[in-house]
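Spelled out from the first residue to the last, the chains are:
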Amino acid sequence: MAYNLKEWSDRPERFVAGHRMCAGCGSPITMRAVLRAVHPEDHAVVTCATSCLEVASVTYPYSSWTDSYIHTAFENSAATCSGVEAAYRALKKKGKIEGEYKFITFGGDGGTYDIGFQSLSGAMERGTDMVYVCYDNEAYMNTGIQRSSSTPKYADTTTTAVGPENDGKQQYKKDLTKIMAAHHIPYVAQTTFITNLRDLHTKAERAIYTKGPAFLNVMSPCPRGWRYEASQIGEICKAAVETCVWPLFEVIRGEWILNYRPGYKQPVEEYLRMQGRFKHLFTPENEHLIAEIQEDVDARWEELLELCEK
Amino acid sequence: MSKKDRLSGNEAVANAIRQIDPDVIAAFPITPSTEIPQYVSSFKAQGKLTSEFITVESEHSSISAAAGAEAAGVRAMTATSSAGFALMHEMLYVVSSDRLPVVMAVVNRALSGPININNDHSDSMGSRDAGWIQLYSENAQEAYDNMLMAHRIAEHPDVMLPLMVCQDGFITSHGVENIVLEDDETVKGFVGEYRPDEHLLDPERPIGVGPYGVSPYYMEMKRGQTEAMCRAEAVIEEVSREFGELTGREYGLFEEYRMDDAELGVLCIGSSAGTGKDAVDMLRARGVKAGLVKLRVFRPFPAAKLASALKGLKALAIMDKTDSFSAQGGPLGAEVRSALYQTGVIVPAVNYVYGLGGRDVRVETFEEIFAELEKIADGAPAEAFRYIGVRER
C-alpha cells in the first residue's frame, strides 16, 4: 500500500499530549511516529532510559504513554527490556498470556552511544526480540548540553566550551548505526524527520515487525542544545540529509540499502549555519575547520555508498 | 519424601532454584557464585528447569533484566558475589523502590581492593541500606532452606520487597556437606504461584513502572518501603514457623546457642557461627558460661528482640566480617549498640572486625575472644573496637 501521511496521522496516539518536552524538540516526534507503527490491535511495553524524555513524560502521577512503560535507570534500558521480553516468552510458553506484545526501548544518545552501550550491545547480541530506538540529539541534553560520543566535531557544548583556546568538541562523532550493523542483527536503520515522516514510519514498522533484535537511530534535534528556532526543526533535518551529514539507510539482514541520494549534495555549511552550536565556525580564521568537517562527511558518505553498492 | 544428599552450598542453592523453577533467571558469572548459573544451564539442558535463562553481559544487566521480568509479573532470580554485587548497587535501590520481589542468591566475597576472591561480608553489607531483606546462612542447609522461604517472604502482600539469601563464599559455597533436600512437589506446594495484581503485561490495565518521583511524592514512596520493611519481621517469623512445621527445621530471626544462663556472649553472622559453637561447647565443658547468637536476619534488623536476647550478658563480642571505616567498627557493631542503647540494655561490648578477605577464623580465635570477654566481665576496660586475627607487625 502506498504511503499515506493522513492515514498514519489518523491512527490513535500512543504517546499523548501533556508531557513537558520543549517546543521544537525532536524526541516526542520520534516517540509518536515510532509508536504509530505498532498495529492498533497489538500491545507494546515501552522501556525508557533516564533522559529528558523520561523525566518529562512520566512525572508521577502522570504519564504520556498509553502502553505499559518501565524505566529503571540510565545505562540499562536494553537489559531491562530483555527481562520484560523474557517474562513474556515464559508466559507465552505456559499459555498464560494472549495477544501480541511488542517491546520497544527508547534512549537518548547518552543512554545509547555511551553509558548504555554495553547493555544495548548485550541485548542485541543475545537476540532479544525488541526494537531499540535511539533518539539522537547529539549531547547530554537532560543534564544541560554536555558532549557525548555522538556530538559532532567542533560543536559547542557545555563541556566542550568554545573560547580563544578551544574550538568546541575535538573528536568526531561515533558511527553507532554502523556498529549496530556489525552486530549482524536482522534490522538496523538510520532516519530522521523528512519526506512527510515516510522514512521514519516505514522503518519503525519494519523494525517493530522484524523478528529478533532491531536498532533504529533517529536524528532528533534539540532546540536548546543545537540553538535553533522551534519552527526550524524540519529544515534542519532536511539539511542534515541533503548535505549527507545524516544519510538515510537501512541494513536488512546484512544488506546495505541507501534510501535517499540527494540530486545535489549540498555543502556542509548549509547544515552548520542553521545552528548556534556551530556559530564560531563562521569566521574567516575558522574556515579550515568547516573544510575539515566537509572532508569527514565526504569520506563517510563514500564509505556508505560503497557498502550500499556492493 | 525429603532425601539426604551431599551438596556444596552452591549446589544446594541451585537445587532450590531448580525446584522453585522461576520464570526468568538472569546471571553473570563471578567467583565464587559462578557455579549457580552453571548448574542452571545444565538443569535447563537436561530439561529439569523451564526458566528463561538470560546470559547477560554484566551483573548490572542481570539485576536490570530481573527487574524488567519481575515488573512484567513473573518470578525472576539472579546470583552474584563481590564486585558483581557492587556493580548492582545502583539497581538494588531501584528494585526495592519499585517494590519488585526479586530473589537473589549472594555468595559473599570480599570487595576489591586489593582484589581478593575469598569470603567476608563487605559486598552485601555495603548495600545494607538498599532496601532489600537480607537473610544470612550458616551452612548449605540454611542457604537451601532460606531460598525456599525467600519468595514467600518477599512476595507477601504486606512486604513486596526484594530479598537476598547470603552464604559465605568457598566456606559454604564450595564446602560439601550432608543436607536434606525436600522433594520437588513439597517445595512447589510451599512456595506456591506468584500472581501480582499489577504488571506490565496486563492488556486491560497497562501500568507505568519507575516514574520520575518528584519531591511531593518521593518521601511517601520511601515511607512505604520502610513500612514494608517493618512488617517484614513478622512475615519472616510466620513463614519460618510454617517451614518448620513442614520440614522440622526451625528458624527465627536469630539463633541462640547455649544462651539461657550465658554470661559471655558472641554475636556473629554466617559460617563462623559453626566454629563459634564449637568454642562455646569447649568453654562450657570447662565451666565457662559462654553462649552464642547467630543473626539470620540483618534486614529488617530485629533490634528489640536481639537486645532482649543479649540482656543478661556480662560481656559481649560483636563480630563483623567487614569494616565500615567509620573508625568505630563494622555495621553489626553499630546496629547492635544502637539496639542496646534504644532498649536501655547496658552490656559492655567489643566490636571485633575479623575474617576479612578469607582470613581463617578458628576455634582458637573464639577462645581468645572469650578470654578477653572474661576479663571485661571481671571489670577490665572494654576496647570498643578492634581487629582480631590480624598481624600487628
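Note that the structure is predicted; figures quoted are calculated from it, not measured.

Caption draft 1: Expanded view of the interface of chain B and chain A. With 37 residues of chain B at the contact, the number on the chain A side is 37 residues. Where the side of chain B that touches chain A is concerned, the elements lending two or more residues are strand S2 (24-26), strand S3 (52-54), helix H3 (59-71), helix H5 (89-97) and strand S9 (208-209) of chain B. Of the residues forming the side of chain B that touches chain A, the biggest block, nine residues, is contributed by H3 of chain B. A class-by-class count of the residues in the side of chain B that touches chain A yields 24 nonpolar, nine polar and four charged. As defined by bridge partners, strand S2 (residues 68-70) of chain A adjoins S9 of chain B across two bridges and the pair is classed as parallel. Each residue of the ladder has a partner; that of Tyr69 of chain A, found in S9 of chain B, is Gly208 of chain B.

Caption draft 2: Fine view of the packing of helix H4 (residues 77-93) of chain A against H3 of chain B. Contact pair H4 of chain A / H3 of chain B: the axes reach a minimum separation of 6 Å and the direction vectors enclose 45 degrees. Taken as axis vectors, H4 of chain A and H3 of chain B run oblique relative to one another. Two packed elements cross with a definite hand, and for H4 of chain A against H3 of chain B that hand is right-handed. Across from Ala79, Thr80, Cys81, Ser82, Gly83, Val84, Ala86 and Ala87 of chain A in H4 of chain A, the residues of H3 of chain B making contact are Ser61, Ser64, Ala65, Ala66, Ala67, Gly68, Ala69 and Ala71 of chain B. Its residues assigned to classes, the contact of H4 of chain A with H3 of chain B shows 10 nonpolar, six polar and no charged.

Caption draft 3: Representation of the nonpolar core within the structure. Counting residues in each nonpolar core, the largest one holds 214 residues, and the members touching the most others are Val84 and Ala87 of chain A together with Val24 and Ile153 of chain B. Val84 of chain A has contacts with Val45, Thr47, Ile70 and Phe103 of chain A together with Gly68, Ala69, Ala71, Ala72 and Leu200 of chain B, leaving out every residue within four places of it along the chain.

Caption draft 4: A look at the sheet that holds strand S10 (residues 255-258) of chain A. Overall, mixed pairing links the nine strands, which are arranged S10(A)-S9(A)-S7(A)-S8(A)-S4(A)-S3(A)-S1(A)-S2(A)-S9(B) in an open sheet. Among the strands making up the open sheet, the edge pair consists of S10 of chain A together with S9 of chain B. By the bridge criterion, four bridges tie strand S9 (residues 249-252) of chain A to S10 of chain A in an arrangement that is antiparallel. By the bridge assignment for S10 of chain A, Glu250 of chain A is matched with Ile257 of chain A. Along the sheet, helix H8 (residues 198-208) of chain A makes contact with strand S3 (101-108), strand S4 (131-136), strand S7 (187-191), strand S8 (214-219) and S9 of chain A, crossing S7 of chain A at roughly 165 degrees.

Caption draft 5: Layout of the domain arrangement of chain B. All names here are of chain B. Domains assigned within chain B are domain 1 (3-247) and domain 2 (254-387). Inter-centroid distance (C-alpha atoms) of domain 1 to domain 2 is 28 Å. Ranked by residues supplied to the side of domain 1 that touches domain 2, first place goes to helix H9 (residues 215-247) with five residues. Per-class residue counts for the side of domain 1 that touches domain 2 are 11 nonpolar, nine polar and five charged.

Caption draft 6: Local environment of the sheet that holds S2 of chain B. Pairing within the open sheet is mixed, and its seven strands lie in the order S3-S2-S4-S5-S7-S6-S13 (chain B). Edge positions in the open sheet fall to S3 and strand S13 (297-299) of chain B, since each of these has one partner strand only. Strand-to-strand twist of the sheet, defined as the mean angle between neighbouring strand axes without regard to direction, takes the value 20 degrees. Where strand S6 (residues 133-136) of chain B lies against strand S7 (residues 163-168) of chain B, four bridges are found, and the strand directions are parallel. The partner of Ile133 of chain B across the bridge, within S7 of chain B, is Leu163 of chain B. Relative to S3 of chain B, H4 of chain A is tilted by about 160 degrees, and along the sheet it contacts S2, S3 and strand S4 (76-80) of chain B.

Caption draft 7: Region of interest: the environment of Asp10 of chain A. Take Asp10 of chain A: it is sitting in the loop between helix H1 (5-9) and helix H2 (27-36). Expressed as a C-alpha distance, the spacing of Asp10 of chain A and Ile115 of chain A, which sit 105 residues apart in the sequence, is 37 Å.

Caption draft 8: Seen up close, the environment of Arg258 of chain B. Considering the arrangement of structural elements, one finds Arg258 of chain B in the loop between strand S10 (254-257) and strand S11 (264-269). Here Arg258 of chain B is in contact with Val280, Arg284, Ala290, Gly291 and Leu292 of chain B, once residues within four sequence places are set aside.

Caption draft 9: Quick look at unusual backbone geometry. Note that the residue after Tyr60 of chain A, namely Pro61 of chain A, is joined by a cis bond; omega there is 5 degrees. Examined against the element boundaries, Pro61 of chain A turns out to sit in the loop between helix H3 (52-57) and S2. For Ser82 of chain B, which is not glycine, the phi dihedral falls at a positive 40 degrees. Tracing the chain through its elements places Ser82 of chain B in helix H4 (residues 82-87). One non-glycine residue, Arg99 of chain B, lies in positive phi territory at about 60 degrees. With respect to the secondary-structure elements, Arg99 of chain B resides in the loop between H5 and strand S5 (103-108).

Caption draft 10: Quick look at the pairing of S11 of chain B. Residues and elements named next belong to chain B. Along S11, six of the six residues are buried, which leaves the element largely enclosed by surrounding structure. Neither face of S11 is exposed, since Leu264, Val266 and Cys268 on one face and Gly265, Leu267 and Ile269 on the opposite face are all buried. For S11 and strand S12 (residues 290-295), the ladder comprises six bridges, and the chain directions are parallel. Of the residues in S12, the one forming a bridge with Leu267 is Val293. In terms of strand pairing, S11 meets strand S14 (residues 315-320) through four bridges, oriented parallel. By the bridge assignment, Leu264 is partnered in S14 with Ala315.

Caption draft 11: Representation of the pairing of S8 of chain A in the model. Residue and element names in this part refer to chain A. Judged by how many residues are buried, S8 sits mostly within the fold: six of six residues are covered. For S4 and S8, the ladder comprises six bridges, and the chain directions are parallel. Within S8, the residue paired with Asp136 across the bridge is Met219. Looking at chain direction, S7 and S8 are connected through five bridges and run parallel. Across the sheet, Val188 pairs through a bridge with Phe215, a residue of S8. Traced from S7 through H8 to S8, the parallel crossover comes out right-handed.

Cut-offs applied
Residues numbered from 1 in each chain as written. Chains lettered and ligands numbered in written order. Predicted model: local features only at pLDDT ≥ 70, side-chain atom pairs only at ≥ 80, totals over all residues. Contact = placed C-beta atoms within 7 Å. Helix = DSSP H or I, 4+ residues; strand = E, 2+ residues; numbered from the N terminus. Nonpolar A, V, L, I, M, F, W, Y, C, P; charged D, E, K, R; others polar. Pairing = 2+ DSSP bridges. Axes fitted to C-alpha atoms, helices over the stretch in contact; angles between N-to-C directions. Parallel < 35°, antiparallel > 145°, perpendicular 65-115°, else oblique. Left-handed = near helix turned anticlockwise from the far one by under 90°. Core = buried A, V, L, I, M, F, W, Y, C linked by C-beta atoms within 7 Å. Buried ≥ 20, exposed ≤ 12 C-beta atoms within 10 Å, placed from the backbone. Domains from an automatic or database assignment. Right-handed = clockwise from strand over helix to strand, strands pointing away.

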